[in-house]
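Structural description and commentary
The residues making up each chain are set out below.
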Amino acid sequence: MKFTFKALIYSFLFICLGSAANAQINVPDSVRISIGAELASTTGTDFGTGVNTPSGGTAASAYNNGVGISLHVDVPVISQLYITASAGYITFLTSKDASYSQQAVTGNKLANFNTIPLKLGVKLLLGNRFYVQAEAGETILANKAAVYALYNNAFTWAPQLGLVLPLKKRHTYIDAGIRYESTQTFYNNTNVNSFWALRVAYAFNL
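Attention in this report is confined to the structure presented alongside it. Note that this is a predicted model, so its numbers are computed, not measured.

**What to know about a nonpolar patch on the surface**
- A cluster of nonpolar side chains, Val75, Val77, Ile78, Ile83 and Val122, forms an exposed patch at the surface whose accessible area comes to about 400 Å².
- No other element matches the three residues that strand β2 (residues 63-78) contributes to the nonpolar patch.
- Tracing the sequence through the fold places isoleucine 83 in strand β3 (residues 81-94).
- A residue is classified by how much of its surface remains accessible, and isoleucine 83, at 41% relative accessible area, is partly exposed.

**Let's talk about the environment of threonine 115**
- Inspection of the secondary structure assignment puts threonine 115 in strand β4 (residues 113-126).
- When sequence neighbours within four positions are dropped, the list of residues in contact with threonine 115 reads Gly88, Tyr89, Ile90, Phe92, Thr139, Ile140 and Leu141.

**Describing unusual backbone geometry**
- One non-glycine residue, glutamine 80, lies in the positive phi region at around 70 degrees.
- Backbone geometry at tyrosine 148 places phi at a positive 60 degrees, although glycine is not the residue there.
- Looking at the secondary structure, you find tyrosine 148 in the loop between β5 (130-141) and β6 (153-166).
- Given a relative accessible area of 38%, tyrosine 148 falls into the partly exposed group.

Criteria and cut-off values
- Residues numbered from 1 in each chain as written.
- Predicted model: local features only at pLDDT ≥ 70, side-chain atom pairs only at ≥ 80, totals over all residues.
- Heavy atoms only, no water.
- Patch = residues over 30% accessible without salt bridge, like charges linked within 9 Å, V, L, I, M, F, W, Y side chains within 5 Å.
- Areas by Shrake-Rupley, 256 points an atom, 1.4 Å probe, with all protein chains shown as cover.
- Salt bridge = Lys/Arg side-chain N within 4 Å of Asp/Glu carboxyl O.
- Helix = DSSP H or I, 4+ residues; strand = E, 2+ residues; numbered from the N terminus.
- Buried < 20%, exposed > 50% of the residue type's maximum accessible area, 1.4 Å probe, protein only.
- Contact = heavy atoms within 4.5 Å.

Here's what the structure looks like:
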């Protein structure tokens, strides 16, 4: 899965760069809303859950992949520059390695890691199809007790590259983006929760 997800990232970046060079549509200067689905892949061993394994390490490998939904609102400020607001729900699924956590060994199944990211940011269009975006905000942990966390929320930041493809119906689009997202720990440690996410959304102008 990790190798496949990296291949998707590289393919998406290639498509974005090619489309930016050949953009031929006009982006309307009005509020845009998008509703999308997300696939996430955690990065290495820094997805800090604070859950101990029998060997004494963290249970980072217990969460490899996630799925979610999100709502984005883009408000135009000047030509090709938008203020953005986003809210979502992402659940990181326990992997087979979760069975080796301290909790699993003692008979308590490790729960999924359920998050609600809330972010504000800016989006800059490069041409008419390609964009770069940066957001920051707070991520709320929806099941704090189930994953033995100490805090309900943590600071989050997320840069993103994206591509807007027009549909036949006027002012409707497919908005696809790839982002890196990092959230500070929900535990009393120095780990972070970081992942790559692929988002595909239906977008329309108000």
